[in-house]
Amino acid sequence: MPELPEVEALAAYLRERAVGQRVERVDVSAISALKTFDPPLSALHGRTLTGAARHGKFLDIQADELHLVVHLARAGWLHYRDELPDTLLKPGKGPIALRVRLGDGSGFDLTEAGTQKKLAAYLVTDVAQVPGVARLGPDALGLDLAGLADVLKDRNAQLKGVLRDQQVLAGVGNAYSDEILHTARLSPFARADKLTAAQLEALHAAMRQVLTEAVTRSVGQRAATLKAEKRAGLRVHGRAGEKCPVCGDLIREVSFADSSLQYCPTCQTGGKPLADRRLSKLLR
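Everything quoted here is computed from the prediction, not taken from an experiment.

J.: Just give me the short version of the packing of aromatic side chains, but keep the residues and values in it.
T.: Evaluation of the coordinates by the stated rule reveals 2 aromatic pairs. When the ring of Y13 is compared with that of Y80, the centres are 5.6 Å apart and the planes differ by 85 degrees; the resulting orientation is edge-to-face. In this pair, Y13 sits in helix α1 (residues 4–17) while Y80 sits in strand β5 (residues 76–81), placing the two residues 67 residues apart along the sequence. Here the two residues Y13 and Y80 agree in accessibility, since each one is buried. Each residue in the set Y13, Y80 and F108 is aromatic and connected to the rest through ring pairs, giving one cluster.

J.: Can you explain the sheet that holds β5? Please cite residues and give values.
T.: Spatially, 4 strands are ordered β1-β6-β7-β5 in an open sheet, and the strand pairing comes out antiparallel. Both outer strands of the open sheet, β1 (23–28) and β5, are each paired with one neighbouring strand and no more. Strand after strand, the sheet turns through a mean of 15 degrees between neighbouring axes, direction not considered. When strand β6 (residues 96–102) meets strand β7 (residues 107–112), the two strands line up antiparallel, connected through 5 bridges. Opposite R99, over in β7, you have D109 as the bridge partner. Here α1 sits on the sheet and contacts β5 and β7; the angle it forms with β5, its principal contact strand, is near 20 degrees.

J.: Quick rundown of the pairing of β6? Include the residues and the values.
T.: Along any regular strand, the residues point their side chains to alternate faces of the sheet. The element β6 is extensively covered by neighbouring structure, given that 7 of its 7 residues are classed as buried. Counting the residues in the hairpin turn of β6 and β7 gives 4 residues, including G105, whose phi is positive at 95 degrees.

J.: Outline empty space enclosed by the protein, supporting the account with residue identities and numerical values.
T.: A probe as big as a water molecule, rolled over the atoms, marks out the empty space that is left. Inspection of the entire model under this criterion finds 1 cavity of 30 Å³ or more. Counted as a void, the largest cavity has a volume near 40 Å³. Taken together, V23, V26, L44, L49, I61, L68, V100 and F108 form the lining of the largest cavity. Grouping the constituent residues of the lining of the largest cavity by class yields 8 nonpolar, no polar and no charged.

J.: Help me get a handle on the state of the cysteines, residues and values and all.
T.: For the structure on display, the rule yields 0 disulfides. C247 takes part in no disulfide bond, and the closest cysteine sulfur, belonging to C264, lies 3.4 Å away.

J.: I'd love a proper account of the packing of helix α5 (residues 174–184) against helix α6 (residues 197–218), names of residues and values included.
T.: When two helices pack together, their arrangement is given by the angle between the helix axes and the distance between those axes. At a minimum axis distance of 8 Å, the contact between α5 and α6 shows a crossing angle of 130 degrees. In terms of orientation, α5 lies oblique with respect to α6. Between α5 and α6 lies a crossing of right-handed hand. Taken together, the residues of α6 that come into contact with α5 (itself represented by Y176, E179, I180, L181, T183 and A184) are A202, L203, A206, M207, Q209, V210, L211 and A214.

J.: Describe the layout of surface pockets, listing the residues and the values that go with them.
T.: Empty space within the largest pocket amounts to approximately 1200 Å³. For the largest pocket, the lining is made up of 38 residues, of which M1, P2, K57, A73 and R74 are closest to its centre. Among the elements of the structure, β5, β8 (120–124), α2 (131–134), α5 and α7 (226–233) are those that each provide at least two residues to the lining of the largest pocket. Among the elements that take part in the lining of the largest pocket, α7 stands out by supplying 3 residues, more than any other. Looking at the lining of the largest pocket residue by residue, the classes come out as 13 nonpolar, 11 polar and 14 charged.

J.: Explain the confidence of the model for the chain residue by residue, including any values.
T.: Confidence along the chain averages 93 in pLDDT terms, with 97% of residues attaining 70 or more. Contacts for the low-pLDDT stretch residues 279–284, under 50 throughout, to residues beyond four places or in other chains number 0 contacts.

J.: Kindly report on the pattern of salt bridges, identifying the contributing residues and their values.
T.: This model, assessed by the stated rule, comprises 15 salt bridges. R54 is the partner of E8 in a salt bridge, and the nearest nitrogen-oxygen pair spans 2.7 Å. Here the residue E8 occupies a position in helix α1, and R54 occupies one in strand β2 (residues 51–55), the gap between them amounting to 46 residues. One salt-bridge network, held together by shared partners, links E3, E6 and K230.

J.: Just give me the short version of the nonpolar core, but keep the residues and values in it.
T.: In this structure, L14 and L78 are the most contacted members of the largest nonpolar core, which totals 35 residues. Mapped onto this core, the elements with two or more residues apiece are α1, β1, β3 (58–63), β4 (66–71), β5, β6, β7 and β8. If you tally residues by element for this core, the top one is α1, at 6 residues. Apart from the residues within four sequence positions on either side, L78 is in contact with L10, L14, L59, L72, F108, D109, L110 and A223. Within the second largest apolar cluster, 30 residues are counted, among which are L143, L163, L181 and A214.

What counts and what doesn't
- Residues numbered from 1 in each chain as written.
- Predicted model: local features only at pLDDT ≥ 70, side-chain atom pairs only at ≥ 80, totals over all residues.
- Heavy atoms only, no water.
- Phe/Tyr/Trp six-rings, centres within 6.5 Å; stacked < 30°, edge-to-face > 60°.
- Helix = DSSP H or I, 4+ residues; strand = E, 2+ residues; numbered from the N terminus.
- Buried < 20%, exposed > 50% of the residue type's maximum accessible area, 1.4 Å probe, protein only.
- Pairing = 2+ DSSP bridges.
- Axes fitted to C-alpha atoms, helices over the stretch in contact; angles between N-to-C directions.
- Contact = heavy atoms within 4.5 Å.
- 1 Å grid on protein atoms, 1.4 Å probe; cavity = no way out; pocket = protein on both sides within 12 Å on 5 of 7 lines; lining within 4 Å.
- Points joined across faces, edges and corners; volume = space filled by probe spheres on them.
- Nonpolar A, V, L, I, M, F, W, Y, C, P; charged D, E, K, R; others polar.
- Disulfide = S-S within 2.5 Å.
- Parallel < 35°, antiparallel > 145°, perpendicular 65-115°, else oblique.
- Left-handed = near helix turned anticlockwise from the far one by under 90°.
- pLDDT = per-residue confidence, 0-100.
- Salt bridge = Lys/Arg side-chain N within 4 Å of Asp/Glu carboxyl O.
- Core = buried A, V, L, I, M, F, W, Y, C linked by side-chain atoms within 4.5 Å.

Next comes the structure, spelled out in C-alpha cells:
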C-alpha cells in the first residue's frame, strides 16, 4: 500500500511533470472507483492542472477550485506515461480504473491489481468533502513530541494498530509502522498509553527518521520506480526469515486475517517471539 513517502513522491512528480498541463479528458473504466458525481468528471475537461498535494495517504490533484482526490488503497498505483495510447478504455476490463489524458499527449492511469477493488477517487471543490480526509488525525511528519504524547495518552490498544489508525496519525501504514517500531526498539504489541517518557521519545525520533529518510529516497523518483525504491529501503517489513541488519537475529512474522507484521525479537521484544495467533490455531 502506498504510504506517506510514496504519496508525497507522487505529488512531487505530478507537480514537476503535469502541473501546467491542460486536461484533455478523463475516462473511467471502474465505475465503482468513482465516489462522487457532482461535479462530474467532465468538469475537469479543458482545465489546467494547478497543483498536487498529499493529505495523509490521499493524493490531491488540483485544477483551480476542483480537487481530484485519490486513495490508492492496498493495490492501487499511478502510472504516468509520456504518450498515452489512443485506445479507449473498456469498462470493467483490466486493471485501469481511471485515465487522465493531458494536452501534450501525456497523462496517467490509476490502476488497481487483484480482485478486491478499493481504490477510490473523488472530484470535489473542498478536500474536506472527502470523508476519509475529514477524519484524518495529525500528519505523522508534522507532529512534535508533545503532540505524539497527546494522541497516544488515551489509546489503550496495541502500538502497531494505533500507528496505522489514520484517525489517530495520518500517513503511516503497515510497512512503515514495522520500520518505525524496529528503529525505536519497541514491541508491536506494546500498549500505546503505557509508554515511558524514554520510549515516547524513541518512538517520535524513529518516526521522524524513518519517514524523512523514505521521503528523501522517494522524491525525485519516477512513479514507475517508487515501489522498488520502497522495498529496497525496508529493513524488517516483508523480510521474515532474513537476518536483522542491526543484530543478526532472524526477523519473525505475526499473521492476521488480512495482513501481517514483521519484527526482530532481539531488538524489540527482549528476545521472545510474539505469539502468532494463526499458527496457534493450527496447532490446537
